[in-house]
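Each chain, written out:
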Amino acid sequence: MAGIERMDFAALDWISGTLSSPLLDRLMTAATHLGDNGAVWALAAAALLLMKRTRRDGARMLLSLFLCFLCGNLILKPLIARPRPCWLRPEMPLLIPLPGDFSFPSGHTMTSFGAAGALFIGRRRAGAAALVLAALIGFSRLYLFVHFPTDVAAGAVLGLAAAKISDQILDLLWPSGRGPS
């Protein structure tokens, strides 16, 4: 086992051995489902698109979600093809259905940080709350033993990068003060 993988498993073993409880089982399962398919973030973006004063924030979030899907699910996961920790240790009981796609990067974490970071760029207070939720969703992936810490860390960094890139693209396509009404 490589050094990074050994450290990843040590962190996962610590989480499952130290933090596991029936209350956290329920909380982490609920948190992870909030990140399923980026749906909660897409709904938030759609709601922001409905109001003129938040339309740019919604557009930035949707663009960031698209970039996360493209980069994470269509390019990096199949290219890197990293097995999930639950595949490598099938004896670990899972609280959610066994995921069928590869582990790196964490898509739940990437889309959560991508959308939350995009919101933070335009709406600091709401974005800060969204970043806390993104961190909870990311941690839930570790707690539930479906991602390695490096998958989650990479997902967070890539998601924030997607948010920044989305903002830059939006600045080119939709300069401040102009754009769709």
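Going by the structure above, here's the rest.
Residues numbered from 1 in each chain as written. Predicted model: local features only at pLDDT ≥ 70, side-chain atom pairs only at ≥ 80, totals over all residues. Heavy atoms only, no water.

(A) Quick look at the packing of helix 4 (residues 55–80) against helix 6 (residues 107–122). Between helix 4 and helix 6, the shortest axis-to-axis distance is 8 Å and the interhelical angle comes to 155°. As judged from the angle between their axes, helix 4 and helix 6 are roughly antiparallel. Of the two elements, helix 4 crosses helix 6, and the hand of that crossing is right-handed. Residues Asp57, Arg60, Met61, Ser64, Leu65, Cys68, Gly72 and Lys77 of helix 4 lie in contact with helix 6, whose contacting residues are Gly107, Met110, Thr111, Gly114, Ala115, Ala118, Leu119, Ile121 and Gly122. The residue inventory of the contact of helix 4 with helix 6, partitioned by class, reads eight nonpolar, six polar and three charged. (Axes fitted to C-alpha atoms, helices over the stretch in contact; angles between N-to-C directions. Helix = DSSP H or I, 4+ residues; strand = E, 2+ residues; numbered from the N terminus. Parallel < 35°, antiparallel > 145°, perpendicular 65-115°, else oblique. Left-handed = near helix turned anticlockwise from the far one by under 90°. Contact = heavy atoms within 4.5 Å. Nonpolar A, V, L, I, M, F, W, Y, C, P; charged D, E, K, R; others polar.)

(B) Summary view of the pattern of salt bridges. Taken as a whole and judged by the stated rule, the model has nine salt bridges. Measuring nitrogen to oxygen at the nearest pair gives 2.6 Å for the salt bridge that ties Asp57 to Arg123. Here Arg123 lies in the loop between helix 6 and helix 7 (124–143) and Asp57 lies in helix 4, a separation of 66 residues in the sequence. With its nearest N and O atoms 3.6 Å apart, the salt bridge here joins Lys77 to Asp101. In this pair, Lys77 sits in helix 4 while Asp101 sits in the loop between helix 5 (85–88) and helix 6, placing the two residues 24 residues apart along the sequence. Given the relative accessible area of 4%, Lys77 is considered buried. You can call Asp101 partly exposed: its relative accessible area is 32%. (Salt bridge = Lys/Arg side-chain N within 4 Å of Asp/Glu carboxyl O. Buried < 20%, exposed > 50% of the residue type's maximum accessible area, 1.4 Å probe, protein only.)

(C) Summary view of a nonpolar patch on the surface. On the surface, Phe66, Phe69, Leu70, Leu74, Ile75, Leu79 and Ile80 cluster together to form a nonpolar patch covering roughly 680 Å² of accessible area. Locating Ile75 in the fold gives a position in helix 4. You can call Ile75 partly exposed: its relative accessible area is 44%. (Patch = residues over 30% accessible without salt bridge, like charges linked within 9 Å, V, L, I, M, F, W, Y side chains within 5 Å. Areas by Shrake-Rupley, 256 points an atom, 1.4 Å probe, with all protein chains shown as cover.)

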